[in-house]
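Here's the letter readout for the chains.
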Amino acid sequence: MLDNKGFDLWADGYDRTVGVSDEENTYPFAGYKDVLGTMYRTIMEKPNAVVLDIGFGTGTLTTKLYENGCTIYGQDFSARMIELASEKMPGAHLYQGDFTHGLVKLLMKRRYDFIVATYSLHHLTDEQKISFLRDLRGLLNPGGQILIGDVAFETRTQLEKCQNDAYDEWDDEEIYFVVDELKRELPQLTFTKISYCAGVLSLA
């Protein structure tokens, strides 16, 4: 796993790196734009939504939401990512903190219409994902929704095929979503497949 200094160093080239992978339809970011687009359209169905973005990076998704009337809260552990996102969203409420240790206290005191995470929660183990998602559900407003866009697979077999195909490019330190396994603990979890290695998970 990259530490916060690693993400600081990567921050300026992050969007470019992601874009190349998406355009070439290669792991890990194949389908990236469609993943974000799916999440964006879902959130925009509720006018002036209050959104918490966990691991927001350079603010690619949340900037579009911010520009279209959403109130944005966020947590990221990279100071440089926060700096870049703040330039795009000067009125957003952005906090530095490592979400693998939970949310910062100020964010825990609020309630949200949507809680989103794009390509960030794969830094948690499956056990941590389940516990974290359960905690996040308690921060939703009535009718609220958690949306996760990430490298994700419906089955372990699909993950293993992608791992074999990616070979040396595969990141062994990242723990990707396997939907049918997580649904044993979170039966309300739904999944929209976007590409062979990515999709959007939803939990109300």
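Described below are features of the structure shown in this document. Note that the structure is a prediction, hence the values are computed from the model and not measured. (Residues numbered from 1 in each chain as written. Predicted model: local features only at pLDDT ≥ 70, side-chain atom pairs only at ≥ 80, totals over all residues. Heavy atoms only, no water.)

**Describing the overall build of the chain**
Moving on, step 1. Secondary structure summary: the chain contains eight helices and eight strands in total.
Moving on, step 2. The C-alpha radius of gyration of the chain comes to 16 Å, within 12% of the 17 Å expected for a compact globule of 204 residues.
Moving on, step 3. With the principal axes as the frame, the chain shows a C-alpha extent of 45 × 40 × 30 Å.
Moving on, step 4. For the chain, the proportion of its 204 residues judged to be buried stands at 50%.
Moving on, step 5. Partitioning the contacts of the chain with sequence separation of at least 6, the portion at a separation of at least 24 is 66%.
Moving on, step 6. When the accessible surface of the chain is summed, it comes to about 10000 Å², and 48% of that surface belongs to carbon and sulfur atoms.
Moving on, step 7. Considering the chain, the positive charge centre built from 20 side chains and the negative charge centre built from 32 side chains are found 8 Å apart. (Helix = DSSP H or I, 4+ residues; strand = E, 2+ residues; numbered from the N terminus. Rg over C-alpha atoms; globule rule 2.2 N^0.38 Å. Buried < 20%, exposed > 50% of the residue type's maximum accessible area, 1.4 Å probe, protein only. Contact = heavy atoms within 4.5 Å. Areas by Shrake-Rupley, 256 points an atom, 1.4 Å probe, with all protein chains shown as cover. Lys, Arg positive; Asp, Glu negative; His and termini not counted. Charge placed at Lys NZ, Arg CZ, Asp CG, Glu CD.)

**A short note on the nonpolar core**
Moving on, step 1. I43 and V51 are the most contacted members of the largest nonpolar core, which totals 36 residues.
Moving on, step 2. Listed by contribution, the elements that provide at least two residues to this core are helix 2 (32-44), helix 3 (60-67), helix 4 (79-88), strand 4 (112-118), strand 5 (140-153), helix 7 (156-166) and strand 8 (198-203).
Moving on, step 3. Top element by residues in this core is helix 2. It accounts for five residues.
Moving on, step 4. Ignoring sequence-local partners within four residues, the contact set of I43 consists of A49, V51, L65, C70, F114, V116 and L147. (Core = buried A, V, L, I, M, F, W, Y, C linked by side-chain atoms within 4.5 Å.)

**Overview of the pairing of strand 4**
Moving on, step 1. Most of strand 4 is tucked away: seven of the seven residues are buried.
Moving on, step 2. For strand 1 (residues 50-54) and strand 4, the ladder comprises three bridges, and the chain directions are parallel. What sits directly across from D53, in strand 4, is V116.
Moving on, step 3. Sheet topology note: the strand 4/strand 5 ladder contains six bridges and is parallel. Within strand 5, the residue paired with I115 across the bridge is I146.
Moving on, step 4. Since strand 4 and strand 5 lie parallel, the crossover through helix 6 (residues 126-137) that links them has a hand, and here it is right-handed. (Pairing = 2+ DSSP bridges. Right-handed = clockwise from strand over helix to strand, strands pointing away.)

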